[in-house]
Amino acid sequence: MFKPHVTVACLVQAEGHLLVVEERINGRPTLNQPAGHLEADETLQQAAQRELREETGIDAPVQHFLGVQQWIAPDNTPFVRFLFSLDLATKQPTAPQDSDIDRCWWLTPEAIIQAANLRSPLVAESVRLWQSGARYPLHLIGAFQWPFHEGAHCADA
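These numbers were taken from a predicted model, which means no experiment stands behind them.

Engineer: Sorry if this is basic, but what is going on with the overall build of the protein chain here?
Structural biologist: What the protein chain contains, in helices and strands, is 3 helices and 7 strands. Each helix and strand of the protein chain, placed in order from N terminus to C terminus, yields the pattern β-β-β-β-α-β-β-β-α-α. Here the C-alpha radius of gyration of the protein chain, 16 Å, is about what a compact globule of 157 residues would show, namely 15 Å. Here the C-alpha coordinates of the protein chain stretch approximately 50 × 40 × 30 Å along the principal axes. In the protein chain, buried positions account for 42% of the 157 residues. Restricting the contact set of the protein chain to residue pairs at least 6 apart, pairs at least 24 apart contribute 69%. When the accessible surface of the protein chain is totalled, it reaches about 8,800 Å², and 53% of it is carbon and sulfur. Here the protein chain contributes 11 positive and 19 negative side-chain charges, whose respective centroids are spaced 7 Å apart.

Engineer: Just checking my understanding: could you explain the nonpolar core for this structure?
Structural biologist: Of all hydrophobic cores here, the largest spans 24 residues; its most connected members are Val12, Phe84, Leu86 and Leu88. Mapped by element, the contributors of at least two residues to this core are strand E1 (5-14), strand E2 (17-25), helix H1 (44-56), strand E6 (78-88) and strand E7 (101-107). Sort the elements by how many residues they give to this core and E6 lands first, with 5 residues. Formed by 14 residues, the second largest nonpolar core is a distinct cluster that contains Leu11, Val20, Leu83 and Val123.

Engineer: I would appreciate a short explanation of the packing of aromatic side chains in the present structure.
Structural biologist: Each aromatic ring pair is described using two quantities: the centre-to-centre distance and the angle formed by the ring planes. Evaluation of the coordinates by the stated rule reveals 2 aromatic pairs. Ring geometry for Phe65 versus Phe84: centroids 5.7 Å apart, planes at 55°, classification tilted. With Phe65 in strand E5 (residues 64-72) and Phe84 in strand E6, this pair connects stretches of sequence that are 19 residues apart. A relative accessible area of 7% places Phe65 in the buried class.

Engineer: In this structure, what is going on with the UniProt feature "domain: Nudix hydrolase" (unreviewed entry) in the protein chain? I would like to understand it.
Structural biologist: Taking the numbering used here, the UniProt-annotated feature "domain: Nudix hydrolase" (unreviewed entry) corresponds to residues 3-129. For residues 3-129, helix accounts for 22% and strand for 43%, while the C-alpha atoms at its two ends are 26 Å apart.

Engineer: Just to check I follow, could you spell out helix H3 (residues 121-131) for this structure?
Structural biologist: Each α-helix winds once per 3.6 residues, and so residues spaced three or four apart point in a common direction. Those residues of H3 lying buried are Leu122, Val123, Ala124, Ser126, Val127 and Trp130. Among the structural elements, E1, E2, strand E3 (28-32), E5, E6 and helix H2 (109-114) are those in contact with the buried residues of H3. N-capping of H3 is provided by Ser120, with a side-chain oxygen placed 3.1 Å from the backbone N of Leu122. Gly133 occupies a position one or two residues after H3 and carries a positive phi of about 95°.

Engineer: What's the story with the side chain of Glu22 in this structure? I'm lost.
Structural biologist: Here Glu22 lies in strand E2. At 2.6 Å, the side chain of Glu22 and the side chain of Arg103 are in polar contact.

Engineer: Sorry, what's going on with the pattern of salt bridges here?
Structural biologist: Between side chains of opposite charge, a pair can form as their charged atoms come close. With the rule as written, the count across this model stands at 9 salt bridges. A salt bridge links Arg24 to Asp102, with the shortest nitrogen-to-oxygen separation between them at 3.5 Å. Of this pair, Arg24 sits in strand E2 while Asp102 sits in strand E7; the two residues are 78 residues apart in sequence, bridging distant segments of the chain. With a relative accessible area of 48%, Arg24 lands in the partly exposed category. Through salt bridges with shared partners, one network takes in Glu39, Glu42, Arg50, Glu51 and Glu54.

Conventions used here
- Residues numbered from 1 in each chain as written.
- Predicted model: local features only at pLDDT ≥ 70, side-chain atom pairs only at ≥ 80, totals over all residues.
- Heavy atoms only, no water.
- Helix = DSSP H or I, 4+ residues; strand = E, 2+ residues; numbered from the N terminus.
- Rg over C-alpha atoms; globule rule 2.2 N^0.38 Å.
- Buried < 20%, exposed > 50% of the residue type's maximum accessible area, 1.4 Å probe, protein only.
- Contact = heavy atoms within 4.5 Å.
- Areas by Shrake-Rupley, 256 points an atom, 1.4 Å probe, with all protein chains shown as cover.
- Lys, Arg positive; Asp, Glu negative; His and termini not counted.
- Charge placed at Lys NZ, Arg CZ, Asp CG, Glu CD.
- Core = buried A, V, L, I, M, F, W, Y, C linked by side-chain atoms within 4.5 Å.
- Phe/Tyr/Trp six-rings, centres within 6.5 Å; stacked < 30°, edge-to-face > 60°.
- UniProt positions renumbered as here; feature names shortened; annotations may be inferred.
- Polar contact = N/O pair within 3.5 Å; in protein donor to acceptor, adjacent residues only side chain to side chain.
- Salt bridge = Lys/Arg side-chain N within 4 Å of Asp/Glu carboxyl O.

Printed below as a string of structure tokens:
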């Protein structure tokens, strides 16, 4: 049965720079947007905000939905990635709480796109999508009857 990994990512902009996290994959430092897997009992937006908080220490709501990306990793793992964004007035200090994150960097979009150590091609593609001006309202991916409550019926909608 086909079961892709559902992930979220958050593109954070401040003062013309984008926030990336550095994590080691197979002993090699790689750059990624704050990102991770959707967990049980959380919406996509909640997952994006949780990953942002855990990986950078920044606790802020996502503002826009940028799109959905499908990708098959070199090991044939399929991913469906939901991309969000937010703009901050100024670059915030970072304090990663996730032990997998070594540090955070505020880099120019061009520096990210040209980096040789991206976690996946989705990192640069996300920056290009953001540069194109894609910004969609969050209600496009609203969670229907979330969380589910016992006794809820279709007529309740």
